[in-house]
Each structure stands twice: as C-alpha cells, then as structure tokens.
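A look at the structure
The primary structure of each chain is shown beneath.
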Amino acid sequence: MKPNQKVLLGMSGGTDSSVAALLLLDAGYEVTGITFRLYEKDGNTRYLDEAARLCARIGIPHLIHDAREEFRQRILRYFVDEYMNGRTPVPCTLCNHLFKWPLLRETADRQGIWHLATGHYVQKQEVDGRWYITAGADPDKDQSFFLWGLPQDILQRMLLPMGTLRKTDVRQLAAQRGFERLAHQRDSLGVCFCPGDYRSFLREQVPAERLRPGHFYDEAGQCLGKHEGYPFYTIGQRRGLGIHLNKAVFVKEIRPTENKIILTDRIQALEQDGFLLKDWHLTCPEEALAATGLIVRIRYRKQANHCTLALTTDGRLQVTLLEPLAAVAAGQAAVFYQGDRVVGGGIIV
C-alpha cells in the first residue's frame, strides 16, 4: 500500500482519543475511528455507544472489532499465569506490542488506510533511517514506557497527535470545541480489565483451591505468620501484607511450589546490580550495546538507573546497573532510554 491521507484511530470514547480525532481532522487527514471489544465487565457495552456517538458528532466513520476471545486467550491468560508462577506481569506492554497495534495495522490494511493513530501521550523521532518512540511532552502522562517493542513497520505509520500536549491543554481544547463532558471526564486508571485490586480479578479467574493460604518466613527460615496465598504478593511489597511485626518488612522472594513468601527487614536485601532479559527488542542493537549513557526503567514513573547492556551466550540480554536497584521482579518490563528516546526493552527473568 502506498502512503495516503487516511488514518485509522483507536477510539475508546474517552477524552484523549476524541481530541486526537479533532486534531487529525484539523490537520487534513481522513479519519476513521475504531473501537476494539477486548473486555467487558458484567456485559457493559456503554463504551461502544459513547464511541459511536462521538464519531457521529465529529463526523467520521466508526468501526467495531470484536477481539474478546483473542484478548482472553493472549492477555488475560498471560496475566493470570504470571501471577500463578510467582512473577509480576506487564499486561499493558504485552497488549500494545502483540495485540492492539498489530490489530490496528491489520484492520487498516484491509481498509486501505496507511496511518495508524491513538491517544497515547508519546512522540516519535527518526534517527539515521530508524524510527524511535520518544517521551510525551507531559511528564505526568508520558506513556513511552509501554511502547518499547513496536516494530519499524508500525512506527513509521504512526500518528501521535497527543505527544506535544499536556493533559490540561487537552481538556481545555475539548471544552473549547464544545465537548464539555469530555473535558471533565475522569481518566481511567490501572489495567483496563482490573482497574482496582488485581487480587479480586484473580479470585474470579482462578479456582479457590489454587489460592490456598500459606506462611511467611524470614530469611533464616523462621515462620512469621500466615498469608492469603502467594499470587497476592509482589517482590518489594511492604503495605497490605496483613502481618504486624513492629517493624517494616518487605517481600524478598516468592516460592510458588511451596506457597511460601520470604520477608526481609533489610532494604539492602532487595537490591540488585543487574538482571537478565528475555523477549528483548533493541531498535538499533549495535548502538544500544555500545552505549554508555543508557537509562533503564522497570517502573512506569519515578525511577531511572544508569546501565550498560551485553548479550549472553544463550541469547538473553544482560543488564548491568551502575547503581543498585531494589525490588526487581521477574516478569516486569525493563525499558531503555537515551535521553527522551526509547531504544528498546525486554522482560526480566
């Protein structure tokens, strides 16, 4: 397909994707909105009606794609399996790389549409013939952390109208264009299928006999008390343990086969000076492996450590930290930055 002025925009019915539609129309693009049916709590489909009404009001076509079964098989099952194996999943990262953006591209190809767009607060940049995701202008909304694994054939087609805006600007723009409800609509928080406590979602998805209570132990092997079941805890967790020892303690280790949680009162015991990655992706491997100023993040916000990278003989990626990092959990994503530019990432093993 040759590039054209058509763009397929992921529409949730929320503020960001709606304002993105307005901005793309202002820029002269022929916009089609699409809403993916991924997960519907208690059969609630109100979001589909809202997205359809918004598209009608804006004056653009609206498509609906039912991907619930594939989403259940690929994302929900992964999410549950990771916790049941004592790891910490990153569903939004996996969903963007392996599900949402590829599905957007496939639909666009069938419709003869070249450009792909969403309401993500990110930007992109071309360097030496390669496209990179870069941080959004609003540091409180920047979502570059979740898009480190997208391939070049998607990156080159992406339009990201929200990347240069702050959320306050977006709300103001919505109000100015007559979308008062959107301007004051609350942002969605957390994972789309369990925006609250993931533990309640696990209880819905996993048979009760697999969520048995177990025991906490200290580093010396002494039993400290009971826990509700190992999947309900994550590495580094301090609050919500349900145990009172008159001192702060942290989850150091999770042992699924024994249903044991190992606790420590030493924050130093959680620190690591490196870790290994699987399923890694580097936009330019030669550049990243030789870089000396890389930053790695394993959390969405408020954490950044200097590191270097090296390949292992078995094809994994060794991350060496220049300063210790606490609470590194298997299953988490590690994302690499050079300045504001995302140069790759991977999954911690």
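In short, a report on the structure. All of these numbers come straight from a predicted model, not from anything done at the bench.

Assigned secondary structure in the chain consists of 9 helices and 17 strands. What you see for the chain is a C-alpha radius of gyration of 22 Å, in line with the 20 Å of a compact globule of 349 residues. Residues counted as buried form 50% of the 349 residues belonging to the chain. Contacts in the chain between residues at least 24 apart in sequence constitute 64% of all its contacts with a sequence separation of at least 6. As displayed, the chain has an accessible area near 17000 Å², and 48% of this comes from carbon and sulfur atoms.

Turning to helix α2 (residues 46–58), a few remarks are in order. Helix length check: α2, at 13 residues, gives a terminal C-alpha distance of 18 Å against a target of 18 Å (1.5 Å per residue), a fit within 8%. Of the positions making up α2, those classed as buried are Leu 48, Glu 50, Ala 51, Leu 54, Cys 55 and Ile 58. Along the axis of α2, the buried positions cluster into a sector of 165°, meaning they face one direction only. Facing away from the buried side of α2 by more than 90 degrees, the exposed set consists of Arg 46, Arg 53, Ala 56 and Arg 57. Just past α2, the residue Gly 59 takes up positive phi, approximately 95°.

To continue, consider the side chain of Asp 142. Within the element layout of this structure, Asp 142 appears in the loop between β6 (130–135) and α5 (152–155). Here Asp 142 sits buried without a salt bridge, and the closest side chain of opposite charge, Arg 297, lies 4.5 Å off (N-O distance). Looking at Asp 142, its side chain comes within polar contact range of the side chain of Ser 144, at 3.0 Å. When sequence neighbours within four positions are dropped, the list of residues in contact with Asp 142 reads Tyr 121, Val 122, Ala 135, Gly 136, Arg 297, Tyr 300 and Tyr 337.

The subject of this paragraph is the state of the cysteines. For the coordinates displayed, the defined rule picks out 0 disulfides. Lacking any disulfide linkage, Cys 192 is separated from the closest cysteine sulfur, that of Cys 95, by 6.3 Å. Among the cysteines around Cys 284, which has no disulfide bond, Cys 307 carries the closest sulfur, lying 16 Å off. The class of Cys 284 is buried, set by a relative accessible area of 10%.

Looking now at the sheet that holds strand β2 (residues 30–37). Pairing is parallel in the open sheet, where 5 strands are placed in the order β3-β2-β1-β4-β7. Taken across any chain shown, the strands that pair with only one partner, and hence form the sheet edges, are β3 (62–66) and β7 (158–159). Where strand β1 (residues 6–10) lies against strand β4 (residues 115–117), 3 bridges are found, and the strand directions are parallel. Bridge assignment links Leu 8 to a residue of β4, and that residue is Leu 116. The sheet contacts of α2 involve β2 and β3, and relative to β2 the element is tilted by about 175°.

Turning next to the packing of aromatic side chains. Applying the stated criterion across every chain, the model contains 13 aromatic pairs. Geometrically, the ring pair formed by Tyr 83 and Tyr 198 is stacked, given 4.1 Å between the ring centres and 10° between the ring planes. Remark: Tyr 198 occurs in helix α8 (residues 198–205) and Tyr 83 occurs in helix α3 (residues 68–84); sequence separation between them is 115 residues. An identical accessibility class is assigned to Tyr 83 and Tyr 198; each is buried. Note on Phe 145 and Tyr 300: the rings are 6.5 Å apart at their centroids and 50° apart in plane angle, and the pair reads as tilted.

Rules used throughout
- Residues numbered from 1 in each chain as written.
- Predicted model: local features only at pLDDT ≥ 70, side-chain atom pairs only at ≥ 80, totals over all residues.
- Heavy atoms only, no water.
- Helix = DSSP H or I, 4+ residues; strand = E, 2+ residues; numbered from the N terminus.
- Rg over C-alpha atoms; globule rule 2.2 N^0.38 Å.
- Buried < 20%, exposed > 50% of the residue type's maximum accessible area, 1.4 Å probe, protein only.
- Contact = heavy atoms within 4.5 Å.
- Areas by Shrake-Rupley, 256 points an atom, 1.4 Å probe, with all protein chains shown as cover.
- Expected span 1.5 Å × (residues − 1).
- Arc of directions from axis to C-beta.
- Lys, Arg positive; Asp, Glu negative; His and termini not counted.
- Salt bridge = Lys/Arg side-chain N within 4 Å of Asp/Glu carboxyl O.
- Polar contact = N/O pair within 3.5 Å; in protein donor to acceptor, adjacent residues only side chain to side chain.
- Disulfide = S-S within 2.5 Å.
- Pairing = 2+ DSSP bridges.
- Axes fitted to C-alpha atoms, helices over the stretch in contact; angles between N-to-C directions.
- Phe/Tyr/Trp six-rings, centres within 6.5 Å; stacked < 30°, edge-to-face > 60°.

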